[in-house]
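Overview (structure and organization)
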Amino acid sequence: DTGVSQDPRHKITKRGQNVTFRCDPISEHNRLYWYRQTLGQGPEFLTYFQNEAQLEKSRLLSDRFSAERPKGSFSTLEIQRTEQGDSAMYLCASSLGGDNEQFFGPGTRLTVL
Amino acid sequence: GDSVTQMEGPVTLSEEAFLTINCTYTATGYPSLFWYVQYPGEGLQLLLKATKADDKGSNKGFEATYRKETTSFHLEKGSVQVSDSAVYFCALSHRGDDKIIFGKGTRLHILP
């Protein structure tokens, strides 16, 4: 399967712990996006990369969140000092350039106890 | 700011019924409009899109027409199947702005 993959698919953590998620985009895609989806809501944009450069960050991305894409391929999203409000599905998407279809991964479901 | 409003679910229909899921948007300029579908256990998939007024997007028997005058993009299908059971998201984005703005989603259940 050559689609977008995310790891892990599920993560349960205790409040105050740090967590890191990984996204592997479709191999030739230079743009990579992170979205967050809470229960009963649509996905909300968090940030995106063109190659290794992080070009935009939403105000939703507090200073406890950090995303990287060091070699312009896979990306990681880290949440420090998790809070119960961080419980959500974290979605990754990739595209070939801007204004092109974004292909979504299956998501990582985070539960903070 | 820009926003998308879609009818709340769940929507429950019998197989072969006609489907309409309403979607309206608030945006400056002329955004592109999308319908995404999320099947159980799978990632979001683009179902159809329209990039300018009066365009009709279509795929898998689903259709939606970009209505600038009513700021709407309602999703329709003439005869639904059990396999259409999923969550449907209406969305928009602006050219040159990569983020997609989604509605809250509408869960559709099709009964055999």
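See the structure shown above.
Residues numbered from 1 in each chain as written. Chains lettered and ligands numbered in written order. Predicted model: local features only at pLDDT ≥ 70, side-chain atom pairs only at ≥ 80, totals over all residues. Heavy atoms only, no water.

**Concerning the overall build of chain B**
When helices and strands are counted, chain B shows zero helices and 12 strands. When the elements of chain B are put in sequence order from the N terminus, they spell out β-β-β-β-β-β-β-β-β-β-β-β. Relative to its length of 112 residues, chain B is compact, with a C-alpha radius of gyration of 13 Å against a globular reference of 13 Å. If you line up chain B on its principal axes, its C-alpha atoms span 40 × 25 × 20 Å. Relative to its full complement of 112 residues, chain B shows a buried share of 46%. Excluding contacts between residues fewer than 6 apart, the proportion of contacts in chain B whose partners are at least 24 apart in sequence is 56%. (Helix = DSSP H or I, 4+ residues; strand = E, 2+ residues; numbered from the N terminus. Rg over C-alpha atoms; globule rule 2.2 N^0.38 Å. Buried < 20%, exposed > 50% of the residue type's maximum accessible area, 1.4 Å probe, protein only. Contact = heavy atoms within 4.5 Å.)

**Regarding the nonpolar core**
Residue and element names in this part refer to chain B. Ranked by size, the top nonpolar core spans 26 residues in total, and within it Trp35, Leu47, Leu48, Phe73, Leu75 and Tyr88 carry the most contacts. Among the elements of the structure, strand E2 (11–14), strand E3 (19–21), strand E4 (23–26), strand E5 (32–38), strand E6 (45–50), strand E8 (62–65), strand E10 (86–93) and strand E12 (106–111) are those that each provide at least two residues to this core. Of all the elements, E10 adds the most residues to this core, at four residues. In this structure tyrosine 88 touches Gln6, Ile21, Trp35, Tyr36, Val37, Leu47, Phe62, Leu75, Gly105, Thr106 and Leu108, once residues within four positions along its chain are discounted. (Core = buried A, V, L, I, M, F, W, Y, C linked by side-chain atoms within 4.5 Å.)

**Some words on the interface of chain A and chain B**
Counting residues at the interface gives 20 residues for chain A and 17 residues for chain B. Across the chain A/chain B interface, buried area totals approximately 1,500 Å², and carbon plus sulfur atoms make up 48% of it. When the buried area of chain A at its contact with chain B is split by residue, A:Pro43, A:Asp99 and A:Phe104 rank highest and sum to 34% of it. Summed over the shared surface of chain A and chain B, the number is two salt bridges. Of the charged contacts in the structure, one is a salt bridge between A:Arg31 and B:Asp98, with a shortest N-O distance of 2.6 Å. (Buried area = accessible area lost by both parts, 1.4 Å probe. Salt bridge = Lys/Arg side-chain N within 4 Å of Asp/Glu carboxyl O.)

**Looking at the packing of aromatic side chains**
According to the stated counting rule, one finds 14 aromatic pairs over all chains in the structure shown. Residues A:Tyr35 and B:Phe102 carry aromatic rings whose centres are separated by 5.9 Å and whose planes lie at 85° to one another, so their mutual orientation is edge-to-face. Placement of the pair is A:Tyr35 in strand E4 (residues 31–37) and B:Phe102 in strand E11 (residues 101–102), with the two residues belonging to separate chains. For the residue pair A:Tyr35 and B:Phe102, the accessibility class agrees, reading buried in each case. Considering the side-chain rings of A:Phe45 and A:Tyr48, the 6.3 Å spacing of their centres and the 55° angle between planes classify their relative orientation as tilted. Exposure remark for A:Tyr48: the relative accessible area of 8% places this residue in the buried category. (Phe/Tyr/Trp six-rings, centres within 6.5 Å; stacked < 30°, edge-to-face > 60°.)

**Points about the environment of A:Ser95**
Residue and element names in this part refer to chain A. Structurally, serine 95 is set in strand E9 (residues 88–95). Measuring from C-alpha to C-alpha, the distance between serine 95 and alanine 67 comes to 17 Å, with 28 residues separating the pair along the chain. Excluding its chain neighbours within four sequence positions, the residues that come into contact with serine 95 are His29, Asn30, Arg31, Tyr33, Asn100, Glu101 and Gln102.

**As for the state of the cysteines**
Residue and element names in this part refer to chain A. Scanning the model with the defined rule gives two disulfides over all chains in all. Between the sulfur atoms of cysteine 23 and its disulfide partner cysteine 92 the distance amounts to 1.8 Å. Here cysteine 23 and cysteine 92 share a disulfide; its torsion about the S-S bond, -65°, makes the bridge left-handed. A residue pair is termed long-range when its members are at least 10 positions apart, and cysteine 23 in strand E3 (residues 19–24) and cysteine 92 in strand E9 qualify at 69 residues. (Disulfide = S-S within 2.5 Å.)

**Observations concerning the sheet that holds E3(A)**
The strands that make up a sheet pair up through hydrogen bonds in the backbone, lying either parallel or antiparallel. Residue and element names in this part refer to chain A. Across the sheet, four strands lie side by side as E1-E3-E8-E7; this open sheet has antiparallel pairing. Each having just a single partner strand, strand E1 (5–7) and strand E7 (65–68) make up the two edges of the open sheet. Averaged over all adjacent pairs, the angle separating strand axes in this sheet is 15°, with direction ignored. Bridge count for E7 against strand E8 (residues 75–79) is four bridges, and the pairing is antiparallel. In the strand pairing of E8, phenylalanine 65 is matched with isoleucine 79. (Pairing = 2+ DSSP bridges. Axes fitted to C-alpha atoms, helices over the stretch in contact; angles between N-to-C directions.)

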